[in-house]
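# Breakdown of the fold
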Amino acid sequence: MADPMKIRAQMKGDVCEIRVLMSHPMETGQRKDADGKTVPAHFIQNLTVALNGKTVVSGQTAGSVSRNPVFGFKVKGAKAGDKVAVSWVDNKGDKRTDETTVA
Amino acid sequence: MDLLRRTVLKGAGASGVLAGLLAAGVLKPTLAYASDWNKAAFEAKELDAALKGLGAEGAAANPALVMKAPEIAENGAVVPIDVTSNIPNTTMIAILVLKNPFPLSSQFEFASGAMGDVSVRLKVAETSIIRAVAKADGKVYSTQKEVKVTVGGCGG
């Protein structure tokens, strides 16, 4: 199981800014280790951001997203206290969901 | 004739058992996890094929689609990219690094109040043009910027 995500959701005026830091190696499958063996691909493929249970952003990513990826999104129509849930699934089937509330 | 029929029946029986096992969760096909991952677009090695996979061909330039990227990236493994679409009803943004082995890096779809605004950090293998593609009201727009990379993002 991967480490928890760090999620920050903050109101700036009438826009809710969501920033997520995920803990993931994001191996492309192109890199070789010290012995010259290819490191198998291991990266997040799907992510979703939900506000009060309703999906607002659904993303697909490849191995070319940086290690421990950071994503930022903006959502209208949120208010303080709303629940933000972020989930991801990687190419090996590992998954993780974390939640926070809008500040 | 009879033999063929038997083979077909056998095959059907076997796949029926397999389907049953899948349904029961005994076998877990790895592909099933990311069934909504756009494999055709993400595994395309050519820009055109990736755009085709996204259904985003023939993009028009639009000044309301803005990309922020560093002019020079000292570390190609972490290149911050911000894309903001001020085009009304933006439903999708995709970011492509033209010189990467697989150009398409990420794609985001927006719904229910999410604004066409995304920031990511990408690996950029070498100095490359980075292109953002946005979809709004069924039309496709794009903008691009060159990022110079001094240390590549795909090495050790």
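The shown structure was predicted, so the numbers you read here are calculated from the model rather than taken from an experiment. (Residues numbered from 1 in each chain as written. Chains lettered and ligands numbered in written order. Predicted model: local features only at pLDDT ≥ 70, side-chain atom pairs only at ≥ 80, totals over all residues. Heavy atoms only, no water.)

## Focus: the overall build of chain A
- Counting its secondary structure elements, chain A contains 0 helices and 7 strands.
- Along its sequence from the N terminus, chain A presents helices and strands in the succession β-β-β-β-β-β-β.
- Projected onto its principal axes, the C-alpha positions of chain A cover 50 × 20 × 20 Å.
- Taken across its 103 residues, chain A has 48% of its residues classed as buried.
- Within chain A, contacts between residues at least 6 apart in sequence are counted, and of these 57% link residues at least 24 apart.
- Accessible area for chain A stands at about 4900 Å²; split by element, carbon and sulfur atoms hold 47% of it.
- Here chain A contributes 16 positive and 11 negative side-chain charges, whose respective centroids are spaced 4 Å apart. (Helix = DSSP H or I, 4+ residues; strand = E, 2+ residues; numbered from the N terminus. Buried < 20%, exposed > 50% of the residue type's maximum accessible area, 1.4 Å probe, protein only. Contact = heavy atoms within 4.5 Å. Areas by Shrake-Rupley, 256 points an atom, 1.4 Å probe, with all protein chains shown as cover. Lys, Arg positive; Asp, Glu negative; His and termini not counted. Charge placed at Lys NZ, Arg CZ, Asp CG, Glu CD.)

## A few points about the overall build of chain B
- When its secondary structure is counted, chain B shows 4 helices and 9 strands.
- Of the regular secondary structure in chain B, the N- to C-terminal order runs α-α-α-α-β-β-β-β-β-β-β-β-β.
- Buried positions account for 38% of the 156 residues belonging to chain B.
- Contacts in chain B between residues at least 24 apart in sequence constitute 61% of all its contacts with a sequence separation of at least 6.
- Accessible area for chain B stands at about 8600 Å²; split by element, carbon and sulfur atoms hold 57% of it.

## So, the pairing of strand β2 (residues 65–68) of chain B
All names here are of chain B.
- Residue alternation in β2 divides its side chains into a buried set, Leu65 and Met67, and an unburied set, Val66 and Lys68.
- Sheet topology note: the β2/strand β4 (residues 79–85) ladder contains 4 bridges and is antiparallel. Its bridge partner being in β4, methionine 67 is matched across the sheet by valine 83. (Pairing = 2+ DSSP bridges.)

## A short note on the sheet that holds strand β1 (residues 6–12) of chain A
- Sheet architecture is open: 6 strands sit in the order β1(A)-β2(A)-β5(A)-β7(B)-β4(B)-β2(B), paired in antiparallel fashion. If you trace the sheet from one side to the other, it starts and ends with β1 of chain A together with β2 of chain B, each paired once. Neighbour-to-neighbour, the strand axes of the sheet open up by a mean angle of 15°, direction not taken into account.
- Bridging between strand β2 (residues 15–21) of chain A and strand β5 (residues 70–76) of chain A involves 7 bridges; their strand directions are antiparallel. Within the sheet, the bridge partner assigned to Arg19(A) lies in β5(A) and is Gly72(A). (Axes fitted to C-alpha atoms, helices over the stretch in contact; angles between N-to-C directions.)

## Section: the pattern of salt bridges
Residues and elements named next belong to chain A.
- Under the definition given, this model contains 7 salt bridges over all chains.
- Its salt-bridge partner being lysine 12, residue glutamate 17 comes within 3.4 Å of it at the nearest N-O pair.
- The residue aspartate 82 makes a salt bridge to lysine 79 at a minimum N-O spacing of 3.3 Å. (Salt bridge = Lys/Arg side-chain N within 4 Å of Asp/Glu carboxyl O.)

## What to know about the interface of chain A and chain B
- Counting residues at the interface gives 34 residues for chain A, matched by 34 residues for chain B.
- Surface buried jointly by chain A and chain B totals about 2800 Å² across both partners, of which 51% is contributed by carbon and sulfur atoms.
- Per-residue buried area on chain A facing chain B is highest for Gln60(A), Ser64(A) and Lys74(A); these three make up 23% of the total on that side.
- Where chain A packs against chain B, one counts 20 residue pairs in polar contact (both at pLDDT 80 or more).
- Contributions of two or more residues to the side of chain A that touches chain B are made by β2, β3 (44–51), β4 (54–61) and β5 of chain A.
- Of the residues assigned to the side of chain A that touches chain B, the class counts are 13 nonpolar, 14 polar and 7 charged. (Buried area = accessible area lost by both parts, 1.4 Å probe. Polar contact = N/O pair within 3.5 Å; in protein donor to acceptor, adjacent residues only side chain to side chain. Nonpolar A, V, L, I, M, F, W, Y, C, P; charged D, E, K, R; others polar.)

Fair warning: the whole summary comes from geometry, so function is off the table for now.
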